[in-house]
Every structure is written in structure tokens, then in C-alpha cells.
Amino acid sequence: MNFLDQMKKRYTVKKYNPQGVISKEQIHQLKEILNLSPSSINSQPWNFIFVHEPEVKAQLGEKSYFNKEKVLDSSYIIVFQVIKNIEKFEKQIEETLSEGNITYYKTMVKPKGEAAVKAWLRHQVYLSLGVFLSACAAMGIDSTPMEGIEPEEYDNILQNIEYETLFAVAIGERHITDANQPQFNPKARLQAEKVILEA
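This report concerns the structure included in the present document.

Rules and cut-offs
Residues numbered from 1 in each chain as written. Predicted model: local features only at pLDDT ≥ 70, side-chain atom pairs only at ≥ 80, totals over all residues. Heavy atoms only, no water. Helix = DSSP H or I, 4+ residues; strand = E, 2+ residues; numbered from the N terminus. Rg over C-alpha atoms; globule rule 2.2 N^0.38 Å. Buried < 20%, exposed > 50% of the residue type's maximum accessible area, 1.4 Å probe, protein only. Contact = heavy atoms within 4.5 Å. Areas by Shrake-Rupley, 256 points an atom, 1.4 Å probe, with all protein chains shown as cover. Core = buried A, V, L, I, M, F, W, Y, C linked by side-chain atoms within 4.5 Å. Axes fitted to C-alpha atoms, helices over the stretch in contact; angles between N-to-C directions. Parallel < 35°, antiparallel > 145°, perpendicular 65-115°, else oblique. Left-handed = near helix turned anticlockwise from the far one by under 90°. Pairing = 2+ DSSP bridges. Expected span 1.5 Å × (residues − 1).

Moving on to the overall build of the chain. Looking only at helices and strands, the chain has 9 helices and 4 strands in total. The order of helices and strands in the chain, counted from the N terminus, is α-α-β-α-α-β-α-α-α-β-α-β-α. For the chain, the C-alpha radius of gyration of 18 Å lies close to 16 Å, the compact-globule estimate for 199 residues. Dimensions of the chain, computed from C-alpha atoms along their principal axes, come out at roughly 50 × 50 × 30 Å. In the chain, which comprises 199 residues, the share counted as buried stands at 40%. In the chain, once contacts between residues fewer than 6 apart in sequence are set aside, the share between residues at least 24 apart is 79%. For the chain, the computed accessible surface area is about 11500 Å², with 53% contributed by carbon and sulfur atoms.

Put into C-alpha cells, the structure is as follows:
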């Protein structure tokens, strides 16, 4: 099955099979894929935390609003985080990036002020989300992106003090009764002609 067919089949899972299993090899591949995600000037201002331990998932589930059941029943929760401290980020890019990329940051991004820099950093993490969801689709892994969580509480649980949570993704195997499956709830998108343009 080609990638287009996989994307046609992909949907946001609402109910997971708690007995579903993702192989260690698939998890290893997903970690590598995330590490290869693109970011502006190769800034990479992120951490990705793969949560599998039931005790930690249970704690996160309590801080996930209507997503609690998905968190508990999925195989893994991947928490996407962004670096908190701009000075630390700047030290990181000074140590790892080319002079041209550093100059771009200093002349095109930093002068816009702290709020704009933080927004720019978050945008990079969202780029990795697109890569991750596409990778899951290509590998036949079900997924659910979740902004319906309490990021500050996730941070308290995970204790990754230099980064802060933006969102999470549940992955696993859909339950056969999941009502959001395309055969029960057909995928709906705007007509391509309305959103895909040429100039």
C-alpha cells in the first residue's frame, strides 16, 4: 500500500485496544524519525518523551481531561516539549549550528522580541508533529494528537525541568468498536480545489 492510501486510511483514534502492542523496533524507528524532523535553521528546540510505564501513564491520564481513556489504553504517550530558556537555546545553537544559521537567528528572529522567539520555537515542535503523524500512518500505527491536556501538570509529573510540554500523541492499536473509524465516521475534508492552489 502506498503512502497516499495510508493517509486516506489514517484517522484520529478515539478508543484504543489496551492489549494492542507496538514492537520495540517500531518504537526505535519512530524515535529515529523524530530525531530527523526538520526545523528552521536546524534549531531543534525540543525533547520527545516516550511514556510506556503504566504508573506514569496513569498520572498523565488524570491530567488529560476527556483524553484520559486514550492515555490509559494506548501503548505509548509521546510528549512533545519545547526548551524553556531562550538563553540556554542560544547557547545550544552557538555550539551546534553554522555561522550562517546563527546569523539568521540573531538578525531575523531574535530582534522580534521574547514572545516572538518563543512562538517561533513552538512552531518548530509542531513541524515535528506533522512528521510523526505521517510516520505513524506509513507504519500502520494508530495515533491521536492531543492538545486537550494540562501541560503544566504533565511537566510536574515528568520533571524535565529545562523543557515544557506543548502537546502529546497517543499511539497504539485502535479498538474494533472505535466509532471514529472511517467506516463508521467517513473522513471529511474541504474540497482539494478550495485549499490546494497554484500561482
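With 35 residues, the main nonpolar core has Leu30, Phe50, Ile78, Phe80, Tyr105, Phe132 and Ile171 as its most contacted residues. Those elements giving two or more residues to this core turn out to be α2 (24-35), β1 (46-51), β2 (76-83), α5 (86-96), α6 (99-109), α7 (114-139) and β4 (163-172). Broken down by element, the residue count for this core peaks at 10 residues, all from α7. Apart from the residues lying within four places of it in its own chain, the contact partners of phenylalanine 132 are Leu30, Leu34, Phe50, Ile78, Phe80, Val169 and Ile171.

The contact between α2 and α7 brings their axes to 10 Å, and the two run at 150 degrees. With respect to α7, the axis of α2 lies roughly antiparallel. The element α2 and its partner α7 pack so that their crossing is right-handed. Facing Gln26, Gln29, Leu30, Ile33 and Leu34 of α2, the residues of α7 in contact are Ser128, Val131, Phe132, Ala135, Cys136 and Met139.

So, about the pairing of β4. Burial analysis of β4 places 9 of its 10 residues in the buried class, which makes it a mostly covered element. Relative to β4, β2 is paired through 8 bridges, and the arrangement is antiparallel. Residue pairing across strands places glutamine 81 opposite threonine 165, the latter belonging to β4. With 5 bridges connecting them, strand β3 (residues 142-146) and β4 associate as antiparallel partners. Bridge pairing links proline 145 to valine 169 in β4.

What follows is about α7. For α7, with 26 residues, the first-to-last C-alpha span of 38 Å sits near the 38 Å given by 1.5 Å per residue. At the C-terminal side of α7, glycine 140 shows a positive phi close to 75 degrees.

What follows covers unusual backbone geometry. It is generally the case that most residues other than glycine have a negative phi and that most peptide bonds are trans. The phi torsion at isoleucine 41 lies on the positive side, around 50 degrees, for a residue other than glycine. Turning to its location among the elements, isoleucine 41 is positioned in the loop between α2 and β1. At tyrosine 65, a residue that is not glycine, the phi angle is positive and equals roughly 50 degrees. Along the polypeptide, tyrosine 65 turns up in the loop between α3 (54-61) and α4 (68-73).

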